[in-house]
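Spelled out from the first residue to the last, the chains are:
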Amino acid sequence: MRQGHGREGRIGPVEALASGPVERHASGRLTVATPGPGFTDFTAAVAEFVRGSGVRDGLVTVFCRHTSASLTIQENADPDVQTDLMTALDGFAPRHAGYVHGAEGPDDMPAHIRTLVTDSALTIPLVGGAMALGTWQGIYLIEHRDRPHRREIVLSVLGS
């Protein structure tokens, strides 16, 4: 067990936000056209879907139906964060690194590796009809391939 060495954090009580039966659900699909590698913010599209669902408290799941693109919740204020994250992913899974799988081009296997370490699905709590994202958080699709693609995202809302 790790000891705090005198710097133990304090955990406050859980504040109840909502409780009750699940009464509503909705599902939908959207397409994100990417310009090539990088981050595409689609927070507003998810928020609009949540508003239209009528669910006030519950969960929204966002799922990417691809293995060479992924999802993340990241800072939405400073675009330098996205630039630095792409640089880190490029260093982690570089192109032309001698991968065995290369039938779809030198950018395909690195794309699969990058998806492995990011997310294909996100689950976000809904409170009062809105996503409980932090002030500087946005929902992004990360395109890992070198050329533009059309990526399919499936959304599901469950709650009351």
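Above: the structure in question.
Everything in this summary refers to the structure shown in the same document. (Residues numbered from 1 in each chain as written. Predicted model: local features only at pLDDT ≥ 70, side-chain atom pairs only at ≥ 80, totals over all residues. Heavy atoms only, no water.)

Let's shift gears to the overall build of the chain. The secondary structure content of the chain amounts to three helices and eight strands. Reported as C-alpha extents along the three principal axes, the dimensions of the chain are approximately 55 × 50 × 30 Å. Taken as a whole, the chain presents about 9900 Å² of accessible surface, with 53% of it coming from carbon and sulfur. Of note, the chain has its 14 positive side-chain charges centred 4 Å away from the centre of its 18 negative side-chain charges. (Helix = DSSP H or I, 4+ residues; strand = E, 2+ residues; numbered from the N terminus. Areas by Shrake-Rupley, 256 points an atom, 1.4 Å probe, with all protein chains shown as cover. Lys, Arg positive; Asp, Glu negative; His and termini not counted. Charge placed at Lys NZ, Arg CZ, Asp CG, Glu CD.)

So, about the pattern of salt bridges. A side chain with one charge can pair with a side chain of the opposite charge if their charged atoms come near. Counted under the stated rule, the structure contains eight salt bridges. When the shortest N-O distance is used, the salt bridge between arginine 65 and glutamate 152 registers 2.5 Å. Here the residue arginine 65 occupies a position in the loop between β3 (58-64) and β4 (69-75), and glutamate 152 occupies one in strand β8 (residues 149-159), the gap between them amounting to 87 residues. With its nearest N and O atoms 2.9 Å apart, the salt bridge here joins aspartate 90 to arginine 114. Remark: arginine 114 occurs in helix α3 (residues 108-117) and aspartate 90 occurs in helix α2 (residues 79-92); sequence separation between them is 24 residues. Here aspartate 90 falls in the partly exposed class, since its relative accessible area comes to 34%. The network of salt bridges with common partners includes Asp90, Arg95, Arg114 and Asp146. (Salt bridge = Lys/Arg side-chain N within 4 Å of Asp/Glu carboxyl O. Buried < 20%, exposed > 50% of the residue type's maximum accessible area, 1.4 Å probe, protein only.)

Attention now moves to the nonpolar core. With 22 residues, the main nonpolar core has Phe42, Val46, Val60, Val62, Leu71, Met131 and Ile153 as its most contacted residues. Put simply, the parts of the chain that give this core at least two residues each are β1 (24-34), α1 (43-53), β3, β4, β5 (121-127), β7 (137-143) and β8. Residues contacting phenylalanine 42, with those up to four places away along its chain left out, are Leu30, Val32, Val62, Leu71, Ile139, Tyr140, Leu141 and Ile153. Counting residues in each nonpolar core, the second largest holds five residues, with Phe39, Met86, Leu89 and Ile142 among its members. (Core = buried A, V, L, I, M, F, W, Y, C linked by side-chain atoms within 4.5 Å. Contact = heavy atoms within 4.5 Å.)

Before going further, it helps to examine the pairing of β5. Along β5, the buried face is formed by Leu122, Ile124 and Leu126; none of Ala121, Thr123, Pro125 and Val127, which line the opposite face, is buried. Sheet topology note: the β3/β5 ladder contains six bridges and is antiparallel. Each residue of the ladder has a partner; that of phenylalanine 63, found in β5, is alanine 121. In this sheet, strand β6 (residues 130-131) lies alongside β5 in antiparallel orientation, the contact comprising two bridges. What sits directly across from valine 127, in β6, is alanine 130. Turn length for the β5-β6 hairpin, with the two strands adjacent in sequence and antiparallel, is two residues, and the turn residue glycine 128 shows positive phi of about 65°. (Pairing = 2+ DSSP bridges.)

The next subject is the sheet that holds strand β2 (residues 38-41). Spatially, the three strands line up as an open sheet ordered β2-β7-β4, and their pairing is antiparallel. Since the sheet does not close on itself, it has two edges, and those belong to β2 and β4, each with one partner. When strand polarity is set aside, the average angle formed by the axes of neighbouring strands in this sheet is 40°. Of the pairings in the sheet, the one linking β2 to β7 comprises four bridges and is antiparallel in character. Along β7, the bridge assignment pairs glycine 38 with glutamate 143. (Axes fitted to C-alpha atoms, helices over the stretch in contact; angles between N-to-C directions.)

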